[in-house]
Amino acid sequence: MTYQEILEKARTCMGPYCKSCPTCNGLGCRNTVPGPGAKGIGTTFIRNYQKWQELCVNMDTICENKPVDTSAVLLGRKLDLPVFAAPVGAVKLHYGDKYDDLAYNDILVPACAAAGIAAFTGDGVDYAVMKGAAEVIGSCGGQGVPTIKPWNMETIREKMELVKASKPFAIAMDIDAAGLPFLKNLQPPAGSKTVEELREIAAMAEVPFILKGIMTVSGAKKALDSGAAGIVVSNHGGRVLDQCPSTAEVLPGIVDAVGGKLTILVDGGIRSGMDVFKALALGADGVLIGRPFVNMVYGGGAEGVKVYVDKLKAELADTMAMCGAHSLSEIRRDMIFGY
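This section reports on the structure supplied with the text. Here, residues in each chain are numbered from 1, in the same order as that chain's written sequence. Side-chain atom pairs in this predicted model are given and counted only at pLDDT of 80 or more, local residue features only at pLDDT of at least 70, and totals for whole chains, interfaces and linings cover all residues. By convention in this description, side-chain values take in all heavy atoms of the structure and omit both hydrogens and water.

Here the focus is the overall build of the protein. Comment: elements are numbered from the N terminus, with helices defined as DSSP H or I runs of at least four residues and strands as E runs of at least two. When helices and strands are counted, the protein shows 11 helices and 10 strands. In this description the radius of gyration comes from C-alpha coordinates, and the expected globular size is given by 2.2 Å times residues to the power 0.38. In terms of overall dimensions, the protein is globule-like: its C-alpha atoms have a radius of gyration of 19 Å, near the 20 Å expected for 339 residues. The criterion used for residue contact is that any of the two residues' heavy atoms lie within 4.5 Å. Once local pairs closer than 6 in sequence are excluded, the contacts in the protein between residues at least 24 apart make up 70%. Where accessible areas are quoted, they stem from the Shrake-Rupley method and a 1.4 Å probe; at the residue level, only the protein chains shown are allowed to cover. On the protein, roughly 13,500 Å² of surface is accessible, and the fraction owed to carbon and sulfur atoms is 54%. Counting 34 positive and 36 negative side-chain charges, the protein places the averaged centre of each group 3 Å from the other. For this count, His and the chain ends are skipped, Lys and Arg are scored as positive, and Asp and Glu as negative. By convention, the charge on Lys lies at NZ, on Arg at CZ, on Asp at CG and on Glu at CD.

Right, dumping it as structure tokens:
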């Protein structure tokens, strides 16, 4: 199947909230929660996408004519592309009845590993979701990143022990999930964490620990102080706070503050290989992409994942070649117009 055929097929089994739009930009779903949209009036999701489109790249083909290498080593793992599938939860609620979280991860994680990248997996109130994610990551030789919600410390310890058994190459926490309704009013309390608590959690991981949901220089510095090996510059796709700046807008400042001291990933509205190039040019080491992978799984299963990864790789390689970068290390900020 082609990418367009997969999207068309996804439209037959997704909904009623997600429309599997030709361009996943937040306009069609806006404030649909449940659904793939964003909180409030939906501005953060829309802004995330739009800001990547506003950036222009600088073409320069006066250079050596040689093949382009899109591979990267991130958190000790070599990938064919500096791209991860982002963690997505409650797919049955938000996207349609065809899959639940366990079935979704059973397709996504091996398909990403086979395509030369890796998937982050989500978390939820159902213990079976994390158990299933750990099992499928283990079956793929640890090629996946389980993502734990900021529960109370006792629950975090339990989930850490569960996921560590799968020997993942990294473990993440989406700290911005503190704003999700189902975490509120839990006893013992769940939600925001102090630097001291995060140090304890990072030590529990025993593998590189990633904090997802960093949107300020101050937050990045606190993540570094907590012992995190990496961060994801992310506003949770606009799903936890309306009227945030886009990730593209805050990324350069965060890179200038902590770049080289930890791995910097970014998500939010990234859709194409050219968007990946722009993120790398602004200083990210890699990116996460969420909603489009859901469309690919619903419309094409494992084949859909491969088609999308191949599309991203071809687009990134083409952009690199046309801008004079033959490896990821050669991508510079001045390859973005105006920087």
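What follows concerns the sheet that holds strand E5 (residues 144–148). Taking strand neighbours around the barrel as the criterion, the eight strands line up as E3-E4-E5-E6-E7-E8-E9-E10 in a closed arrangement whose pairing is parallel. Ignoring strand direction, the axes of neighbouring strands in this sheet form an average angle of 30 degrees. By definition, two strands form a pair when at least two bridges between them are found by DSSP. Pairing geometry for strand E3 (residues 83–85) and strand E4 (residues 118–121), over two bridges, is parallel. Residue pairing for E4: Phe84 is matched across the bridge by Ala118. The strands that helix H4 (residues 101–114) touches are E3 and E4; relative to E4, the one it contacts most, it runs at about 150 degrees. Lines fitted to the C-alpha atoms define the axes, with helices restricted to the stretch that makes contact. Angles between their N-to-C directions range from 0 to 180 degrees. In the packing of helix H7 (residues 195–205) onto the sheet, the strands contacted are strand E6 (171–174) and strand E7 (209–214), and the crossing angle to E7 comes to about 140 degrees.

Here we take up the pattern of salt bridges. For this analysis, a salt bridge means a side-chain nitrogen from Lys or Arg found within 4 Å of a carboxyl oxygen belonging to Asp or Glu. Counted according to the given criterion, the structure contains 16 salt bridges. Taking the shortest distance from any N to any O, the salt bridge between Glu206 and Lys164 comes out at 3.6 Å. Of this pair, Glu206 sits in the loop between H7 and E7 while Lys164 sits in helix H6 (residues 153–164), placing them 42 residues apart in sequence. Classification of Glu206 as exposed rests on a relative accessible area of 64%. Partly exposed residues are those whose accessible area sits between 20% and 50% of the maximum for their type, while under 20% is buried and over 50% is exposed, using a 1.4 Å probe and protein chains only. Residue Lys164 is classed as buried on the basis of its relative accessible area of 18%. Glu315 is the partner of Lys311 in a salt bridge, and the nearest nitrogen-oxygen pair spans 2.8 Å. With Lys311 and Glu315 both in helix H11 (residues 291–323) and four residues apart, this pair spans about one turn of that helix.

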